[in-house]
Amino acid sequence: MPLEILFKCLAEQTRLKCIILLLQHDELCVCDLTEMLQLSQPKISRHLATLRLNGLVQTQRKEQWIYYRLSDHLSSGTKAILKSIQANYDFTKDKQKLECC
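Note that the structure is a prediction, hence the values are computed from the model and not measured.

Conventions we followed
Residues numbered from 1 in each chain as written. Predicted model: local features only at pLDDT ≥ 70, side-chain atom pairs only at ≥ 80, totals over all residues. Heavy atoms only, no water. Helix = DSSP H or I, 4+ residues; strand = E, 2+ residues; numbered from the N terminus. Buried < 20%, exposed > 50% of the residue type's maximum accessible area, 1.4 Å probe, protein only. Contact = heavy atoms within 4.5 Å. Areas by Shrake-Rupley, 256 points an atom, 1.4 Å probe, with all protein chains shown as cover. Salt bridge = Lys/Arg side-chain N within 4 Å of Asp/Glu carboxyl O. Pairing = 2+ DSSP bridges. Axes fitted to C-alpha atoms, helices over the stretch in contact; angles between N-to-C directions. Parallel < 35°, antiparallel > 145°, perpendicular 65-115°, else oblique. Nonpolar A, V, L, I, M, F, W, Y, C, P; charged D, E, K, R; others polar. Arc of directions from axis to C-beta.

(A) Summary view of the overall build of the protein chain. Tallying secondary structure elements over the protein chain gives six helices and three strands in all. If you list the helices and strands of the protein chain from N to C, you get α-α-β-α-α-β-β-α-α. Counting every position in the protein chain, which comprises 101 residues, the buried fraction comes to 36%. For the protein chain, the share of sequence-separated contacts (at least 6 apart) that also reach a separation of at least 24 residues comes to 58%. A total of about 6100 Å² of accessible surface is found on the protein chain, and carbon and sulfur atoms cover 49% of it.

Dropping the structure here:
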């Protein structure tokens, strides 16, 4: 994945938080993310679609739910960038919302 696409995807705060949460939880459905981020389902779905179209996440259907996780096809360099961002991202403002889940 070209770095321009990666950074363009991560430049939007909702997409960045979705990626960080997927790093922390391995796999989440839209309903999990809407609860954790306190955002509407259409907004979360739109951003996940962007991440999927750009190859950052993949989906898996389990009964009626679609679960998202980081793509198996990410390069080691991309994974290292994402883990570095995760390690340095300040969730102070979001901490209370995220602890409930």
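(B) Spatial organisation of the pattern of salt bridges. Here the structure, examined in full by the defined rule, presents two salt bridges. A salt bridge links lysine 62 to glutamate 27, with the nearest nitrogen and oxygen atoms 2.7 Å apart. Note that lysine 62 is positioned in strand 2 (residues 57-62) and glutamate 27 in the loop between helix 2 (13-25) and strand 1 (28-29), a separation of 35 residues in sequence. Under the relative-accessibility criterion, lysine 62 is labelled partly exposed at 35%. Here aspartate 72 makes a salt bridge to arginine 69, at a shortest N to O gap of 3.5 Å. Judged by its relative accessible area of 48%, aspartate 72 falls in the partly exposed class.

(C) Representation of the sheet that holds strand 2 in the model. The three strands are arranged 1-3-2 in an open sheet whose pairing can be described as antiparallel. Bordering the open sheet on either side are strand 1 and strand 2, each of which pairs with just one other strand. Sheet topology places strand 2 next to strand 3 (residues 65-70); six bridges connect them, and they run antiparallel. Opposite arginine 61, over in strand 3, you have isoleucine 66 as the bridge partner.

(D) Representation of the packing of helix 2 against helix 4 (residues 41-53) within the structure. Direction vectors running N to C along helix 2 and helix 4 enclose 75°, while the axes themselves pass 10 Å from each other. By the angle between their directions, the pair helix 2 and helix 4 is classed as roughly perpendicular. Residues Thr14, Arg15, Cys18 and Ile19 of helix 2 form the contact with helix 4, whose own contacting residues are Lys43, Ile44, His47, Leu48, Thr50 and Leu51. Across the contact of helix 2 with helix 4, the residue classes break down as five nonpolar, three polar and two charged.

(E) Here's a closer look at the environment of lysine 83. Secondary-structure assignment places lysine 83 in helix 5 (residues 76-88). What makes lysine 83 exposed here is its relative accessible area of 51%. Sequence separation of lysine 83 and glutamine 24 is 59 residues, and the distance between their C-alpha atoms is 9.7 Å.

(F) Layout of helix 1 (residues 3-10). When we look at burial in helix 1, the residues that qualify are Leu6, Cys9 and Leu10. Angularly, the buried residues of helix 1 cover 95° about the axis, an arc narrow enough to put them on a single face. Away from its buried face by more than 90 degrees, helix 1 exposes Glu4 and Lys8.

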